[in-house]
Amino acid sequence: MIKLKPGEIIPLTDDDMFTEVFNNEANMCVIEEFISTYFNYPLKDIKGNIKIMPRKLTRNRAKEKSKEVDLFLKYNDKNINIEMTTGWNQHIKDRNVIFLSNIHGRQLNKGNKYIKIDESIQLNFCSFKCKGRTREKYYLKNQFGDVFTEKFRIDIVYMDELKNMCYNDDREMNILIGWSKVFKSLTRKELNDNLKNLISISSSRQLIYDVSRLSGDEEMVKKYAGKTKWEATKETVEYEFKKRRELMDEREKELDEKESKLDEKESKLDEKESKLDEEIKKLDEYKKMLEKKEMELLKKNIM
């Protein structure tokens, strides 16, 4: 039987853990407080107004690939899609745009007016650093920066950058820091400490209870352990590749320096050869001049 070490938990950055916790109606109090803090909406307005939607998105065509999101919430006039992301390549970007486009486009039923289409927002919580950035918001814009519509928005939150930051006077930044620390917590104690002053005690207890319960589930632990091994292998491969790339770059630099020195020597040799050719040319001219004078002298003597 596979078990975690005492006090360890499966972090909420794990797809299975996140989807199990945040798609559970029993954890609605946690979801409500998350939405309230992230968007800075009054909790009293949120309470009882959030609906967890099916994760599997509707297919419009028989041949269309099935799509399953991590979390899809409906709150009044907003569609909110939340994705836990371990990578951020072009494939993932395109996939997530398709997710949100599907959510946004499915609103238009027969007889509906376009003006009544709700806002669709996707929150991407990413487990990697990105050049010191903490959060980005993307809208449809033109080349001059004018927003085409604010009803289609994608947020990217860089948790690895945020979790190491200290709290400050910026409320919005503190919320991002707090949730990043919560999502990245690896022990029950860390989770408990990071939830303090972020959400209510009752919601904190509910979240800690459910994460602890799932962290003791053998199937959940098996899946997490398998992914952890793959991530460790992947990190090792990436580290080895990085080291080899650095070594290759270093050798390439050395070769460039040697080549530069050889070019310099070759240039000096060419310069010396050029000077030598000039000297030889002068000597040839001097020789010709001497030969000419010698001939003139011989002519005089003969006469």
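Structure: above.
So, a few notes on the structure that sits alongside this text. Just so we're clear, the structure is a prediction, and the values are computed from it rather than from any experiment. (Residues numbered from 1 in each chain as written. Predicted model: local features only at pLDDT ≥ 70, side-chain atom pairs only at ≥ 80, totals over all residues. Heavy atoms only, no water.)

The next point concerns the packing of aromatic side chains. We describe a pair of aromatic rings using the distance from one ring centre to the other and the angle between the two ring planes. Using the criterion set out here, one finds 14 aromatic pairs in the structure. Ring centres 5.0 Å apart and planes at 80° place the aromatic pair Phe-34 and Trp-179 in the edge-to-face group. Here Trp-179 lies in helix 6 (residues 171-183) and Phe-34 lies in helix 2 (residues 28-39), a separation of 145 residues in the sequence. The exposure class assigned to Phe-34 is buried, which follows from its relative accessible area of 2%. Within the aromatic cluster, the residues linked to one another by ring pairs are Phe-18, Phe-22, Phe-34, Tyr-38, Phe-39, Tyr-41, Tyr-75, Phe-125, Trp-179 and Phe-183. (Phe/Tyr/Trp six-rings, centres within 6.5 Å; stacked < 30°, edge-to-face > 60°. Helix = DSSP H or I, 4+ residues; strand = E, 2+ residues; numbered from the N terminus. Buried < 20%, exposed > 50% of the residue type's maximum accessible area, 1.4 Å probe, protein only.)

Now for a nonpolar patch on the surface. A surface patch of nonpolar side chains, amounting to about 290 Å² of accessible area, comprises Tyr-286, Met-289 and Leu-290. As for its position among the elements, Leu-290 is in helix 9 (residues 218-302). Exposure remark for Leu-290: the relative accessible area of 40% places this residue in the partly exposed category. (Patch = residues over 30% accessible without salt bridge, like charges linked within 9 Å, V, L, I, M, F, W, Y side chains within 5 Å. Areas by Shrake-Rupley, 256 points an atom, 1.4 Å probe, with all protein chains shown as cover. Salt bridge = Lys/Arg side-chain N within 4 Å of Asp/Glu carboxyl O.)

Backbone-to-backbone hydrogen bonds pair the strands of a sheet. The strands run either parallel or antiparallel. The strand order across the open sheet formed by six strands is 1-4-5-6-8-7, and the pairing between neighbours is mixed. Lying at the two open borders of the sheet, with one neighbouring strand each, are strand 1 (50-52) and strand 7 (135-141). Averaged over all neighbouring strand pairs, the angle between strand axes comes to 20°, with direction disregarded. Pairing of strand 4 (residues 71-75) with strand 5 (residues 78-85) involves five bridges; the strand directions are antiparallel. (Pairing = 2+ DSSP bridges. Axes fitted to C-alpha atoms, helices over the stretch in contact; angles between N-to-C directions.)

For the rest of this paragraph, the subject is the pairing of strand 7. Sheet topology places strand 7 next to strand 8 (residues 147-158); six bridges connect them, and they run antiparallel. Note that in strand 8 the partner of Lys-141 across the bridge is Val-147. Taken together, strand 7 and the strand that follows it, strand 8, pair antiparallel across an intervening segment of five residues, in which Gly-145 is found at a positive phi of about 90°.

What follows deals with the environment of Met-165. In this structure, Met-165 sits in the loop between helix 5 (159-162) and helix 6. Spatially, the C-alpha atom of Met-165 lies 9.9 Å from that of Ser-180, the residues being 15 residues apart in sequence.

Time to look at unusual backbone geometry. Phi is positive for Asn-40, which is not a glycine, with a value near 60°. Here Asn-40 lies in the loop between helix 2 and helix 3 (43-46).

Time to look at the packing of helix 7 (residues 188-195) against helix 8 (residues 201-215). Contact geometry of helix 7 with helix 8 gives a least axis separation of 10 Å together with a crossing angle of 160°. Between helix 7 and helix 8, the angle falls in the class roughly antiparallel. Here the hand of the crossing between helix 7 and helix 8 comes out right-handed. Where helix 7 abuts helix 8, its residues Arg-188, Leu-191, Asn-192 and Leu-195 lie against Ser-204, Leu-207, Ile-208, Val-211 and Ser-212. (Parallel < 35°, antiparallel > 145°, perpendicular 65-115°, else oblique. Left-handed = near helix turned anticlockwise from the far one by under 90°. Contact = heavy atoms within 4.5 Å.)

Another aspect to go through is the packing of helix 6 against helix 7. Axis angle and axis distance: for two packed helices, these are the angle between their axes and the distance between the axes, and together they describe the pair. For the pair helix 6 and helix 7, the least separation of the axes is 8 Å and the interaxial angle reads 165°. Comparing their axes, helix 7 and helix 6 come out roughly antiparallel. You can see that helix 6 and helix 7 cross each other, and the crossing is left-handed. The residues of helix 7 that touch helix 6, namely those facing Gly-178, Lys-181 and Val-182, are Leu-191, Asn-194 and Leu-195. Residue composition of the contact of helix 6 with helix 7, grouped by class: three nonpolar, two polar and one charged. (Nonpolar A, V, L, I, M, F, W, Y, C, P; charged D, E, K, R; others polar.)

As a rule of thumb, nonpolar side chains are buried together in soluble globular proteins. Phe-125 and Phe-183 are the most contacted members of the largest nonpolar core, which has 47 residues in total. Apart from the residues within four sequence positions on either side, Phe-125 is in contact with Phe-34, Tyr-38, Ile-82, Glu-83, Met-84, Thr-85, Val-157, Met-159 and Phe-183. Trp-88, Leu-100, Cys-126 and Ile-156 belong to the second-largest nonpolar core, a separate cluster that totals ten residues. (Core = buried A, V, L, I, M, F, W, Y, C linked by side-chain atoms within 4.5 Å.)

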